[in-house]
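One-letter residues, chain by chain:
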Amino acid sequence: MNASVKPAFPPAFPPVETLVPHAAPMLLIDRVLNADAESLTAEVRITKNSLFFTPTHGVPAYVGIEYIAQSVAAYSGWRAQSAAPGTVPKIGYLLGTRKMTMACDGFADGDALVIHVKNIFEDGEMGVFDGEVRKGDETLVTARINVYQPNDAASETPTSNQETTKP
């Protein structure tokens with residue numbers, strides 16, 4: 001095969017549920033589209049069955065910050081699995097954002113959203129990421145988020161992919 005010929009399909013990424021320590025219904029992103037050492041791109045398709053969907057408003061745009069946070073979690077899980085296959089995703093926490101912008105009120109049934117996150121700063125357990133939610137060429141949500149993933153999170157990680165919202 002000629003080395004200059006590119007494969008017809010992009011590389012496959014692990015199922016998102018193996019990268020993020022969430023399970024349905026709290027697992028909100030559908031799949032990873034691309035990842036590298038500094039960033040990750042994920043996708044979510046909005047349906048009438050999407051969590052937070054209402055018939056009159058769709059999914060509120062402020063849920064975009066959770067799409068961004070879960071994409072950061074997928075990035076962390078993908079990096080861990082790239083270094084050591086079979087690694088169980090570690091629990092992390094969204095601490096907040098200093099700036100979030102929303103160019104719409106919500107996401108409609110049928111919307112295919114692409115979420116892109118980029119690692120801006122990392123220092124041990126703390127991290128800062130820029131994220132955006134796009135529909136086609138339109139940027140709908142942007143946020144710079146602060147996250148925390150404790151080094152001892154392995155002891156807190158569920159042994160199976162369960163909801164992480166239960167006390």
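Calculation rules
Each chain carries its own residue numbering, running from 1 in the written order of its sequence. With pLDDT at 70 or above as the cut-off, local features in this predicted model cover only qualifying residues; side-chain atom pairs require 80 or more to be listed or tallied, and sums for whole chains, interfaces and linings still use all residues. Hydrogens and waters are ignored; side-chain quantities use all the structure's heavy atoms. Helix and strand definitions here come from DSSP, where helices need a minimum of 4 consecutive H or I residues and strands a minimum of 2 consecutive E residues; each element is numbered from the N-terminal end. Using a 1.4 Å probe on the protein chains alone, a residue whose accessible area is under 20% of its type maximum counts as buried, one over 50% counts as exposed, and one in between counts as partly exposed. The Shrake-Rupley method, run with a 1.4 Å probe sphere, supplies the accessible areas, and residue values consider only the shown protein chains as cover. Every residue pair with non-hydrogen atoms within 4.5 Å of one another is taken to be in contact. Any N or O atom pair separated by 3.5 Å or less is treated as a polar contact, with the protein-specific requirement of one donor-capable and one acceptor-capable atom, and with residues adjacent in sequence counted only for side-chain atom pairs. One bridge is not enough; two strands pair if DSSP finds at least two bridges between them. Inter-axis angles, ranging from 0 to 180 degrees, are taken between N-to-C directions of lines fitted to C-alpha atoms, where helices are fitted over the stretch in contact. What makes a nonpolar core is a set of buried Ala, Val, Leu, Ile, Met, Phe, Trp, Tyr and Cys residues whose side-chain atoms join them at distances within 4.5 Å. The predictor's confidence in any single residue is recorded as pLDDT, a number from 0 to 100. Working definition: rings of Phe, Tyr and Trp (its six-membered ring) pair if their centres are within 6.5 Å, and the pair is stacked with planes under 30 degrees apart, edge-to-face with planes over 60 apart, and tilted otherwise.

K.L.:
Looking at this structure, I do not really get the overall build of the protein. What am I missing?
P.N.:
Looking only at helices and strands, the protein features one helix and eight strands. Sequence-ordered secondary structure for the protein, helices as α and strands as β, is β-β-β-α-β-β-β-β-β. Across the 167 residues in the protein, those meeting the buried criterion constitute 37%. Carbon and sulfur atoms provide 55% of the accessible area of the protein, an area that totals close to 9,700 Å².

K.L.:
Looking at this structure, I do not really get the environment of His 116. What am I missing?
P.N.:
With respect to the element layout, His 116 can be found in strand S6 (residues 112–123). Taking the C-alpha atoms as reference, His 116 lies 9.6 Å from Thr 142; in sequence the two are 26 residues apart. Apart from residues no more than four positions distant in its own chain, His 116 is found in contact with Ser 39, Leu 40, Thr 41, Asp 130, Gly 131 and Glu 132. Looking at His 116, its side chain comes within polar contact range of the side chain of Thr 41, at 2.8 Å.

K.L.:
I keep staring at the sheet that holds strand S4 (residues 93–102) and nothing clicks. Help me out?
P.N.:
In a beta sheet, neighbouring strands are held together by backbone hydrogen bonds and run either parallel or antiparallel to one another. Taken in spatial order, the six strands of this open sheet run S1-S2-S6-S7-S8-S4, and their pairing is antiparallel. Unpaired on one side and paired on the other, strand S1 (31–35) and S4 mark the two borders of the sheet. Each strand axis lies, on average, 25° off the axis of its neighbour in the sheet, ignoring direction. Each of S1, strand S2 (39–45), S4, S6, strand S7 (126–135) and strand S8 (138–148) is contacted by helix H1 (residues 64–83), which is oriented at about 60° to S6, the strand it contacts most.

K.L.:
What am I meant to see in the nonpolar core here?
P.N.:
Formed by 36 residues in total, the largest nonpolar core has its most connected members in Leu 40, Tyr 67, Phe 107 and Ile 145. Residue assignment for this core shows that the elements contributing at least two residues are S1, S2, H1, S6, S7 and S8. Apart from residues lying up to four places away in sequence, Phe 107 is in contact with Ile 46, His 57, Gly 58, Val 59, Pro 60, Ala 61, Gly 64, Tyr 67, Leu 113, Val 133, Leu 140 and Val 141.

K.L.:
How should I be thinking about unusual backbone geometry in this particular structure?
P.N.:
In most cases, non-glycine residues show a negative phi, while peptide bonds are predominantly trans. The residue after Ala 24, namely Pro 25, is reached through a cis peptide bond having omega 10°. Residue position: Pro 25 is located in the segment before S1. The backbone of Phe 52 shows a phi angle near 80°, a positive value even though the residue is not glycine. For Phe 52, a relative accessible area of 42% gives the class partly exposed.

K.L.:
Would you explain the confidence of the model for the protein in this entry?
P.N.:
Residues of the protein with pLDDT of at least 70 account for 84%, and the chain-wide mean is 88. Confidence drops under a pLDDT of 50 for residues 153–167, and excluding neighbours within four residues, the segment shows 27 contacts in the predicted structure.

K.L.:
Would you mind showing me how to read the packing of aromatic side chains here?
P.N.:
To describe a pair of aromatic rings, you give the distance between the ring centres and the angle between the ring planes. Under the counting rule described, the total for this entry stands at four aromatic pairs. With a centroid separation of 5.6 Å and 75° between ring planes, the pair formed by Tyr 75 and Phe 129 is classed as edge-to-face. Here the residue Tyr 75 occupies a position in helix H1, and Phe 129 occupies one in strand S7, the gap between them amounting to 54 residues. Judged by its relative accessible area of 2%, Tyr 75 falls in the buried class. By relative accessible area, which is 6% here, Phe 129 ends up buried.

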